[in-house]
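Here is how the chains run, residue by residue.
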Amino acid sequence: MDEIKGISCEAKNCIHHDKANGCTAGHITVGNRTATTSTDTTCETFQCCDDCGCGCK
């Protein structure tokens, strides 16, 4: 899938992460409706990649 222009992603364990720190998801959802700072937000589109090594798969 094509990279979403303007999105910088450093989540290297995400299935949508590309080697140039881009995002290849068709769209993203950023969550926490009650966020008041950037640290309160999360990428709800995140999915572990097969080779992330975290044991989630």
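Q: Any details on the overall build of the protein chain? Residues and values, ideally.
A: A count of helices and strands for the protein chain gives zero helices and two strands. Taken along its principal axes, the extent of the C-alpha atoms in the protein chain is 35 × 30 × 15 Å. The proportion of buried residues among the 57 residues of the protein chain is 25%. Across the protein chain, contacts joining residues at least 24 apart in sequence account for 26% of those joining residues at least 6 apart. In the form shown here, the protein chain has an accessible surface area of approximately 4500 Å², with 50% of it arising from carbon and sulfur atoms.

Q: I'd love a proper account of unusual backbone geometry, names of residues and values included.
A: Its identity is not glycine, yet Asn21 carries a phi of approximately 60 degrees, on the positive side. Here Asn21 lies in the segment before strand E1 (30-31). The backbone of Asn32 sits at a positive phi, close to 100 degrees, despite the residue not being glycine. Within the secondary structure, Asn32 sits in the loop between E1 and strand E2 (42-43).

Cut-offs and rules
Residues numbered from 1 in each chain as written. Predicted model: local features only at pLDDT ≥ 70, side-chain atom pairs only at ≥ 80, totals over all residues. Heavy atoms only, no water. Helix = DSSP H or I, 4+ residues; strand = E, 2+ residues; numbered from the N terminus. Buried < 20%, exposed > 50% of the residue type's maximum accessible area, 1.4 Å probe, protein only. Contact = heavy atoms within 4.5 Å. Areas by Shrake-Rupley, 256 points an atom, 1.4 Å probe, with all protein chains shown as cover.

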